[in-house]
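Now for the letters of each chain:
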Amino acid sequence: MTYTSSARQPEPEPCPSWTRGAERPPGGPESSAVNGAANDSNVVPITAAHTARQGASRHADTSLPSPETSAKGKKSTPTAGKVRADALRMLGCVRIATVRQMAQVITKEESDGRSYVRRAMNKLAELGLAETNGKDGKYPIWNLTPAGQKALADGNELPPRPKAGTGAKAVLAGFGPHGVAVTDMILAFGGREHLTDWQVEVNHAIKETGLSFNTDAVLAWPTKTSEVRLFELDNGTMSQARLAKEVWDYERYAGHRVWEGARGTIGGTFPFWQRHRYTRSQTFPRLYVVLAGKEEHLLDNRLQALADDVKGIAVAVWVNTLPRLQRGEPWYEIGVDDPGRRRERYPEPAGRWPSGPERKLRPGRVSCRGLRNSEAQHPPASLV
């Protein structure tokens, strides 16, 4: 499969193309320049490269730091208590993980710290704070218990997430490999640098239209134009049509508009997501799609098919395979954010009250002549 690389210049009506893009961690010089220049209808050329294990930036989360260096210049061995605390924090963010994944975050990168983590998890299991309910291959999948979630909340270690589940039901139902792949995606995108800024299985719904879907992972990554980034992972279990529909659902979500005012009866309309969900964002959050669960050449074919299926979509969509992401290779841009095209595709919502001669008044409400509905039906003799 051959990939083409191009630096696309902004156009009045940008057409999504098979464009190779790349990414830097938050806070880098390229990040501020690119996001500061982005606007609602164009995407600036991509110029920087993202690698899976970049050094921590000035905005990086340091709640899960690398092991400290001793006075002799050697990495100190993490204490058992610290390993347990870091494991609890990690599971509170990603919900389910294997010992291998936790060791990748908690211990230093160039060593195998699985024995430390395995002992810590056995101790947490004895305390009733963590448990296993299934395996990924031959490796147990760990998740917090309700008691573990309460211990994490009591310690004020993470932002409040009252509706977050433990992940146990998903593992028992056989969906553990998907959750493990989501955790691999999270680690490949940044590792320990901003791990506690992630949330998994975040629901996006619009009650009026019946649209509802869960985003696999959401990263709180504030920039000048957007406050989060959205991540979808396909572990090779969905049909190509289903995968394309999930991506198009994001455009439907971004295209829905609501009227201004508490009762939706006055003023103009605003994007639902901007009014009720991501209120500090100027542009709809970028969607990252990661493909996993198959041999790499099959993932490449799936990537190309997805690009064809979502051609012309009016939200920013970048796609990559998990192996390429883990190697630090760049993303491919297959969709461009375009609010203008979304306005054309999704018309203005109907107002709460109809206008024109067919307008019906509720009992007790004043008509345009200043009469109540009952008076309009039975006018006074002076007005006949």
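It should be emphasised that the depicted structure is a prediction, and the values quoted were computed from it without experimental measurement.

Parameters and conventions
- Residues numbered from 1 in each chain as written.
- Predicted model: local features only at pLDDT ≥ 70, side-chain atom pairs only at ≥ 80, totals over all residues.
- Heavy atoms only, no water.
- Helix = DSSP H or I, 4+ residues; strand = E, 2+ residues; numbered from the N terminus.
- Buried < 20%, exposed > 50% of the residue type's maximum accessible area, 1.4 Å probe, protein only.
- Contact = heavy atoms within 4.5 Å.
- Areas by Shrake-Rupley, 256 points an atom, 1.4 Å probe, with all protein chains shown as cover.
- Phe/Tyr/Trp six-rings, centres within 6.5 Å; stacked < 30°, edge-to-face > 60°.
- Salt bridge = Lys/Arg side-chain N within 4 Å of Asp/Glu carboxyl O.
- Expected span 1.5 Å × (residues − 1).
- Arc of directions from axis to C-beta.
- pLDDT = per-residue confidence, 0-100.
- Pairing = 2+ DSSP bridges.

Caption draft 1: Local environment of the overall build of the protein chain. Looking only at helices and strands, one finds 13 helices and 12 strands in the protein chain. Within the protein chain, the fraction of its 384 residues that count as buried is 45%. Within the protein chain, contacts between residues at least 6 apart in sequence are counted, and of these 64% link residues at least 24 apart. Of the roughly 19700 Å² of accessible surface on the protein chain, 51% is carried by carbon and sulfur atoms.

Caption draft 2: Spatial organisation of the packing of aromatic side chains. Under the defined criterion, the tally for this structure stands at 14 aromatic pairs. Seen in terms of ring centroids, F189 and F231 are 4.9 Å apart; in terms of plane orientation they differ by 75 degrees. Their pairing is edge-to-face. Of this pair, F189 sits in helix α7 (residues 176–190) while F231 is found in strand β7 (residues 228–234), placing the two residues 42 residues apart along the sequence. With respect to burial, F189 and F231 carry one shared label: buried. For the pair F213 and Y253, a centre-to-centre distance of 5.8 Å together with 80 degrees between the ring planes defines the contact as edge-to-face. Of this pair, F213 sits in strand β6 (residues 211–220) while Y253 sits in helix α8 (residues 240–255); the two residues are 40 residues apart in sequence, bridging distant segments of the chain.

Caption draft 3: Up close: the environment of N122. With respect to the helices, strands and loops of the structure, N122 is situated in helix α4 (residues 114–126). Once the C-alpha coordinates of N122 and R84 are considered, the two residues, 38 residues apart in sequence, prove to be 9.7 Å apart.

Caption draft 4: Main features of the pattern of salt bridges. Evaluation of the coordinates by the stated rule reveals 17 salt bridges. The shortest N-O distance in the salt bridge between R342 and D337 comes to 2.9 Å. As far as burial versus exposure is concerned, R342 and D337 are alike and both buried.

Caption draft 5: Highlighting α4. Over its 13 residues, α4 extends 18 Å from the first C-alpha to the last, a length consistent with the 18 Å expected when each residue adds 1.5 Å. Every buried residue of α4 is listed here: V117, A120, M121 and L124. Along the axis of α4, the buried residues cluster in a sector spanning 100 degrees; they form a single face. Turned more than 90 degrees off the buried face of α4, the exposed positions are R119 and E126. Buried-residue contacts for α4 involve α2 (80–94), α3 (99–106), β3 (130–136) and β4 (139–144). Where α4 ends, the next residue or the one after it, G128, has phi of about 80 degrees, a positive value.

Caption draft 6: Seen up close, the confidence of the model for the protein chain. When the pLDDT values of the protein chain are averaged, the result is 76; 66% of them are 70 or greater. Segment residues 24–63: pLDDT under 50, and 84 contacts once partners within four positions in sequence are set aside and those in other chains are kept. Every residue in residues 353–384 is under pLDDT 50, and counting partners more than four places away or in other chains gives 18 contacts.

Caption draft 7: Geometry of the side chain of H256. Here H256 lies in the loop between α8 and β8 (257–260). Once residues within four sequence positions are removed from consideration, H256 is found in contact with I206, T209, F270, P271 and F272.

Caption draft 8: Broad picture of the environment of L243. Mapping L243 onto the fold places it in helix α8. Judged by its relative accessible area of 3%, L243 falls in the buried class. The spatial distance from the C-alpha of L243 to the C-alpha of R302 is 9.9 Å, given a sequence separation of 59 residues. Setting aside residues no more than four positions away along its own chain, L243 makes contact with D234, M238, L291, R302 and L306.

Caption draft 9: Representation of the sheet that holds β4. Across the sheet, which stays open at both edges, the three strands sit in the order β2-β4-β3 with antiparallel pairing between neighbours. Edge strands, defined here as strands with exactly one partner in the open sheet, are β2 (96–97) and β3. For β2 and β4, the ladder comprises two bridges, and the chain directions are antiparallel. By the bridge assignment for β4, A97 is matched with W142.

Caption draft 10: The arrangement of α8 in detail. Over its 16 residues, α8 runs 23 Å from end to end, which matches the ideal 22 Å to within 8%, given 1.5 Å per residue. For α8, the complete set of buried residues consists of L243, A244, V247, D249, Y250, E251, Y253, A254 and G255.

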